[in-house]
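Structural overview
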Amino acid sequence: DAGITQSPRHKVTETGTPVTLRCHQTENHRYMYWYRQDPGHGLRLIHYSYGVKDTDKGEVSDGYSVSRSKTEDFLLTLESATSSQTSVYFCALSRGPGQSSYEQYFGPGTRLTVT
Amino acid sequence: EDQVTQSPEALRLQEGESSSLNCSYTVSGLRGLFWYRQDPGKGPEFLFTLYSAGEEKEKERLKATLTKKESFLHITAPKPEDSATYLCAVQARIQGAQKLVFGQGTRLTINP
C-alpha cells in the first residue's frame, strides 16, 4: 500500500459535463501520474507531475487538464466529458530520479462512465 | 519507437503446472523493466524491477529474468491465487522525460 487514494471510485456523468478526479498521497512522493486503461490499449499516460505546479503532457492528453497545488494532491479534469473518455483512470506515484525511484505505485482506480 | 509486447495474451494452466510469460521490448537505452500484477477491479501491484541483462529477481513462486531484448516471468507450481493479469513496462526517455511504456498484459488463469 503506497498510501494512494482516488476519489470518486465510480462516477457516471453525461456528455458535456465537467468532471474532476482526485488523487491523494500520504508519502510525499515527488512524481505523480494519471493513466487511463482501456481494453486493447493497456495503460496510457495522460499527464504527469514532477512537483508542485510542475506538470506535463503524456501520450493521450487531449481533452484533459491537471493541477497540482500541493504535494499530496493531483487533480485530473475533463473539461467537457465525451463518451470516448469512458475508462478506468489510475493515479500512480514514484520518488523520482535515481535508481529504484522510477518504480511506480498505483492507486485503486476510478471507473468513469460518460453517457 | 519504444514498444513493449507481451505474449501470450491469455494463458490457462492447471494448479502446479509451471510456465513462463514473455515480455519483448524495443527501447533506446533500457533503464529499467518492471513487472506488475493486476487483479480485476484493482490497480497494478508492483512486483519487480530489473535493470541489466542477466539479472534475476524472485518472489514466492515468481521469478523474473532479463535479456537484452526480452524478459520472462517464470511461474513455478502456480496456485489459483496466482490468477491475475501480469503487466510488463519499460522505462523510456520520451520527450525529454523518463516515462513507463506498458505492454497490454497477459491474463493468467490457474485452475484448481
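About the criteria used
Residues numbered from 1 in each chain as written. Chains lettered and ligands numbered in written order. Predicted model: local features only at pLDDT ≥ 70, side-chain atom pairs only at ≥ 80, totals over all residues. Heavy atoms only, no water. Pairing = 2+ DSSP bridges. Helix = DSSP H or I, 4+ residues; strand = E, 2+ residues; numbered from the N terminus. Axes fitted to C-alpha atoms, helices over the stretch in contact; angles between N-to-C directions. Contact = heavy atoms within 4.5 Å. Buried area = accessible area lost by both parts, 1.4 Å probe. Salt bridge = Lys/Arg side-chain N within 4 Å of Asp/Glu carboxyl O. Polar contact = N/O pair within 3.5 Å; in protein donor to acceptor, adjacent residues only side chain to side chain. Nonpolar A, V, L, I, M, F, W, Y, C, P; charged D, E, K, R; others polar. Disulfide = S-S within 2.5 Å. Buried < 20%, exposed > 50% of the residue type's maximum accessible area, 1.4 Å probe, protein only.

1. Looking at the sheet that holds strand E7 (residues 62-66) of chain B
Residues and elements named next belong to chain B. Read across the open sheet, the five strands follow the order E1-E3-E8-E7-E6; overall the sheet is antiparallel. Edge positions in the sheet fall to strand E1 (3-7) and strand E6 (56-59), since each of these pairs with one other strand and no more. Across this sheet, the average inter-strand angle for adjacent strands is 15°, counted without regard to direction. Where strand E3 (residues 19-26) lies against strand E8 (residues 70-75), six bridges are found, and the strand directions are antiparallel. In the strand pairing of E8, Ser-24 is matched with Glu-70.

2. Some points on the interface of chain B and chain A
In many analyses, interface size is given as the accessible surface area lost on bringing the parts together. Between chain B and chain A, the contact holds 19 residues from the first and 21 residues from the second. Between chain B and chain A, the buried area comes to about 1,600 Å², and carbon and sulfur atoms account for 56% of it. The three residues of chain B that bury the most area against chain A are Tyr51(B), Lys99(B) and Phe102(B), which together make up 27% of that side's buried surface. Put simply, chain B and chain A have zero salt bridges between them. Taken together, chain B and chain A are joined by five residue pairs in polar contact (both at pLDDT 80 or more). For the side of chain B that touches chain A, the secondary structure elements donating two or more residues are strand E4 (33-38), strand E5 (45-50), strand E9 (84-94) and strand E10 (97-102) of chain B. Per-element accounting of the side of chain B that touches chain A gives the leading share, five residues, to E10(B). Among the residues making up the side of chain B that touches chain A, the classes are represented as nine nonpolar, eight polar and two charged.

3. Quick word on the state of the cysteines
Applying the stated criterion across every chain yields a total of two disulfides over all chains. There is a disulfide in this structure between Cys23(A) and Cys91(A), and the S-S distance comes to 1.9 Å. Taking the sign of the S-S torsion, about -70° here, the bridge from Cys23(A) to Cys91(A) comes out left-handed. Within this pair, whereas Cys23(A) is found in strand E3 (residues 19-25), its partner Cys91(A) is found in strand E9 (residues 87-94), the two being separated by 68 residues in sequence. As far as the burial class goes, Cys23(A) and Cys91(A) line up, both buried. Cys23(B) shares a disulfide with Cys88(B); S-S distance 1.9 Å. Negative torsions about the S-S bond denote left-handed disulfides, and the value of about -65° found for Cys23(B) with Cys88(B) makes this one left-handed. Note that Cys23(B) is positioned in strand E3 and Cys88(B) in strand E9, a separation of 65 residues in sequence.

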